[in-house]
Structure formats: structure tokens, C-alpha cells
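Descriptive structure summary
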Amino acid sequence: RLTLPREGAGVVLEAMREFSALVAMNDHRQLFIRLKDLLHSPNPILADAAMSEVLKLDLMEKDLAPVVMTYYRDPSPKRRIAALRLMGQLFAGTAGKDRTPEFQTTTLSPVSVLARNDPDEEVRVAAVDTLGKWGGEDVTETLKEVARQDPAQAVRYEAQVILLRQGSAGGARRTDSDGLP
């Protein structure tokens, strides 16, 4: 039993109908296709569920990147974080392969912008983690900059940990006025 809100009941009902249809599916391949299709849904309940399931089931693919990146501009920090986690999954899966200059430009630059400029600290942490999934020299300068300048300790810490793991932390260390770490 569910009490529907006075406004927006149609969104909830649409999501319930879709969830019922998904549960009734017997073919997992068709289910996975439908879950990926739901990333395009304007219904926020369906979009959130799709992002969660695509991440959990490791279904993120390069052809989904454009639709996932549209969530970078979503007003909900939760959706921006989910989109960044999906891109991090994609980056981890493409490490060392399928990384054309065009792919790098279109997918990596927006993540760097979020890591530097998003107003939400948790989104910046997720963006830094996503950059870490890309790895390598392509993200080192951005991570060093974030490790030195971000106003939030959690964001600086995440950037520093990634740099240490990559062995590139030399320029990212913070020192006090006496030059001590």
C-alpha cells in the first residue's frame, strides 16, 4: 500500500507500472536492454532506478555516455553523483583501450569541470574518484590542483589518495609556512 502525493501521482504510477513490467520479464538480455533504455526517461524515479541498476549490474557502455553525461547538469546532487559513478565504471572498464582523443575530450573534460567547480562537496569527491578511475597523466594536473585548492577537506583528501596511488603526489603535498608537510 502506497499513499500517492496530491501532485505528481502520475510519475509514481508510471514508475510502478514500469517496475511491474520489469519484474515480469523472463529474458535477462531484454531486461538489461530495458534498464539501459530507462536512462533516457524523464521520470526521475525511473532514471534513478536505472542508474542504480546499471551501476550494480555493471552494464555501463560507451554508447550510454552521452545520456549519462546529461545528468551532470541535473539539479539533484544525487543524480550527478550517480552519473559520475557510472562514468567511473566506464573509465575503469576502458583503461588502456578504446580511448580515442575524441572520447577523452568529450567525457573527461566535463568530469574535470565538476571536480573543480561543482557547488556540492560530495559531487566533487565523486568527480575526483571518477578522474582516478581514468588514471594516468591525463588527470594528474587536475588532481594536483584539486588536492591543493579545494575548500573541502574530503575532496582534497580523495585527490591526494589517488595521486599517492598513482605515484604522482610530489607536487600535490601541502606545506605550512615553515615548509613542513
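The text that follows walks through the structure, step by step, so that each part is easy to find.

Reading guide: rules and limits
- Residues numbered from 1 in each chain as written.
- Predicted model: local features only at pLDDT ≥ 70, side-chain atom pairs only at ≥ 80, totals over all residues.
- Heavy atoms only, no water.
- Core = buried A, V, L, I, M, F, W, Y, C linked by side-chain atoms within 4.5 Å.
- Buried < 20%, exposed > 50% of the residue type's maximum accessible area, 1.4 Å probe, protein only.
- Helix = DSSP H or I, 4+ residues; strand = E, 2+ residues; numbered from the N terminus.
- Contact = heavy atoms within 4.5 Å.
- Salt bridge = Lys/Arg side-chain N within 4 Å of Asp/Glu carboxyl O.

This paragraph deals with the nonpolar core. The biggest cluster of nonpolar side chains holds 47 residues, and the ones touching the most others in it are Leu39, Val68 and Met87. Sort the elements by how many residues they give to this core and helix H5 (residues 77-93) lands first, with seven residues. Among residues more than four places away in sequence, those in contact with methionine 87 are Met60, Ala65, Val68, Met69, Tyr72, Thr107 and Thr130.

A separate point is the environment of valine 67. If you trace the backbone, valine 67 turns up in helix H4 (residues 65-69). Measuring from C-alpha to C-alpha, the distance between valine 67 and alanine 49 comes to 15 Å, with 18 residues separating the pair along the chain. With residues near it in sequence (within four places) discarded, valine 67 still touches Leu39 and His40.

Counted under the stated rule, the structure contains 10 salt bridges. Close ionic contact of arginine 34 with glutamate 18 constitutes a salt bridge, the shortest N to O distance being 2.9 Å. Separated by 16 residues along the polypeptide, arginine 34 in helix H2 (residues 28-37) and glutamate 18 in helix H1 (residues 9-24) bring together distant segments of the chain. For arginine 34, a relative accessible area of 29% translates into the label partly exposed. Here glutamate 18 falls in the buried class, since its relative accessible area comes to 16%. Taken together, the salt bridges that share partners define one network made up of Asp48, Asp74, Lys78 and Arg79.

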